[in-house]
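One letter stands for each residue in the lines below.
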Amino acid sequence: MPKSLRDSWCLVLGVSSGMGRATALALAEEGAHIIGVHFDHGEAAARAKELEGELRALGSRAHLFNANAAAVRTRQQLIPEITELTGGAGLLTVLHSLAFGSLVPFLPRDDDKTVLTPRQMDMTLDVMAHSLVYWTQDLMAAGLLRQGAKILAMTSAGTSQVLPSYGAVSAAKAALESHVRQLACELAPHGVSVNALRAGVTVTPSLLRIPGHAEFVDRSASVNPHGRLTLPEDVADVVVMLSHADSSWLTGNTIGVDGAELVAAGTTWNRNRGGDAPHEGRGAH
């Protein structure tokens, strides 16, 4: 039987935009309290502050922290605050949605000699993959992951598909999925589930930073059997659904949240056969 999310506490890493923002709002609408971490400046920081107000207007005891979620110091500072905010009750859901990495090719091109550096590679994997392990270690040590807790991490089809300049991010997503499997097995005795959510192409700020994203977005919209791209709200709905489940038996998986985009064969499923597929909610992850 689905459990209520009311007065539960959820942690969203990467809360200020895209999947993180939509998920925070969806969980708050279910009565959950939101702790969020984002790393923004200027207008983006102002929008995050507005989001905090929106969450509180929904009745959530929302607390959003503007800090580098991948930094050791941030975890050291926030874990005690999370413990105090939750009153020791722990977290029901943790969403890892950090999308900050280097979009630089491995090898030089004719028109651009810039190549990925070791520092950029290390940073990309640390932020987008390894930080999941470090947050889980610290949350577990603090007693914040109890039986029934859900850890969800955002991955992408980049684990098996190649885009120009996406190599470091592809490596990070592959590592992230490996971390999910390992954590799922190690946390199973504690009744904590760990899964990766593979969103379809979704128009988010992180997607818009990918070189050549416009062509990629157009192609993805044309092959999705639903005739549109994935929306952040599609992902948020799945996070809410999984959060309602009391069981930890669904764990160690990469769950596609893409409207069958990855498995569809070309444009054969395009419902709008008379022309281009509709670009509902255009954006990407």
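Located above this text is the structure these notes cover.
Residues numbered from 1 in each chain as written. Predicted model: local features only at pLDDT ≥ 70, side-chain atom pairs only at ≥ 80, totals over all residues. Heavy atoms only, no water.

> Before we move on, could you go through the overall build of the protein and cite the residues and values that matter?
The helix and strand tally for the protein stands at eight helices and seven strands. Residues counted as buried form 52% of the 285 residues belonging to the protein. Considering only residue pairs separated by 6 or more positions, the protein has 77% of its internal contacts joining residues 24 or more positions apart. For the protein, the accessible area works out to roughly 13400 Å², and carbon and sulfur atoms hold 54% of it. (Helix = DSSP H or I, 4+ residues; strand = E, 2+ residues; numbered from the N terminus. Buried < 20%, exposed > 50% of the residue type's maximum accessible area, 1.4 Å probe, protein only. Contact = heavy atoms within 4.5 Å. Areas by Shrake-Rupley, 256 points an atom, 1.4 Å probe, with all protein chains shown as cover.)

> Please set out the environment of Arg47 residue by residue, giving values where relevant.
Position of Arg47 relative to the elements: it lies in helix H2 (residues 42-57). Between the C-alpha atoms of Arg47 and Ser17, which are 30 residues apart in sequence, the distance is 8.8 Å.

> Hey, could you go over the nonpolar core for me, with residue numbers and the actual values?
Within the largest apolar cluster, 40 residues are counted, with the highest numbers of intra-cluster contacts made by Leu11, Ile35, Leu91, Trp135, Leu139 and Ile151. Taken together, the elements giving at least two residues each to this core come down to strand E1 (9-13), strand E2 (33-38), helix H3 (72-85), strand E4 (91-96), helix H4 (118-141), strand E5 (145-155), helix H5 (167-187) and strand E6 (193-199). Here Ile35 is in contact with Trp9, Cys10, Leu11, Val12, His63, Phe65, Ile82, Leu85, Thr86 and Leu91, once residues within four sequence places are set aside. (Core = buried A, V, L, I, M, F, W, Y, C linked by side-chain atoms within 4.5 Å.)

> Which residues make up the sheet that holds E1, and what values do they have?
Pairing is parallel in the open sheet, where seven strands are placed in the order E3-E2-E1-E4-E5-E6-E7. The open sheet terminates on both sides in strands that have one partner only, identified here as strand E3 (63-66) and strand E7 (254-257). Pairs of neighbouring strands in the sheet enclose a mean axial angle of 20°, with direction left out of account. Taken together, the five bridges between E1 and E2 define a ladder with parallel strand orientation. Residue pairing across strands places Val12 opposite Gly36, the latter belonging to E2. The strands that H2 touches are E2 and E3; relative to E3, the one it contacts most, it runs at about 165°. (Pairing = 2+ DSSP bridges. Axes fitted to C-alpha atoms, helices over the stretch in contact; angles between N-to-C directions.)

> Got a sec to walk through the packing of H4 against H5? Specific residues and values, please.
The geometry of H4 relative to H5 is characterised by a closest axis approach of 7 Å and an angle of 15° between their N-to-C directions. With respect to each other, H4 and H5 are oriented roughly parallel. Between H4 and H5 the crossing geometry is right-handed. From H4, Met121, Thr124, Leu125, Met128, Ala129, His130, Leu132, Val133, Thr136 and Met140 reach across to H5, where they touch Ala168, Val169, Ala171, Ala172, Lys173, Ala175, Leu176, His179, Val180, Leu183 and Leu187. Residues belonging to the contact of H4 with H5 are distributed by class as follows: 16 nonpolar, four polar and one charged. (Parallel < 35°, antiparallel > 145°, perpendicular 65-115°, else oblique. Left-handed = near helix turned anticlockwise from the far one by under 90°. Nonpolar A, V, L, I, M, F, W, Y, C, P; charged D, E, K, R; others polar.)

> Residues and numbers for the side chain of Ser156, please.
Structurally, the position occupied by Ser156 is in the loop between E5 and H5. Of the polar contacts made by the side chain of Ser156, one reaches the side chain of Tyr166; its length is 3.3 Å. Once you skip the residues sitting within four places of it in the chain, Ser156 turns out to touch Tyr166, Lys173, Glu177 and Arg198. (Polar contact = N/O pair within 3.5 Å; in protein donor to acceptor, adjacent residues only side chain to side chain.)

> I'd love a proper account of the pairing of E5, names of residues and values included.
Summarising burial for E5: nine of the eleven residues are buried, a large majority. For E4 and E5, the ladder comprises five bridges, and the chain directions are parallel. In the sheet register, Leu95 faces E5, and the bridge partner there is Leu152. Following the backbone out of E4, through H4 and into the adjacent parallel E5, one traces a crossover that is right-handed. In this sheet, E6 lies alongside E5 in parallel orientation, the contact comprising six bridges. Each residue of the ladder has a partner; that of Met154, found in E6, is Leu197. (Right-handed = clockwise from strand over helix to strand, strands pointing away.)

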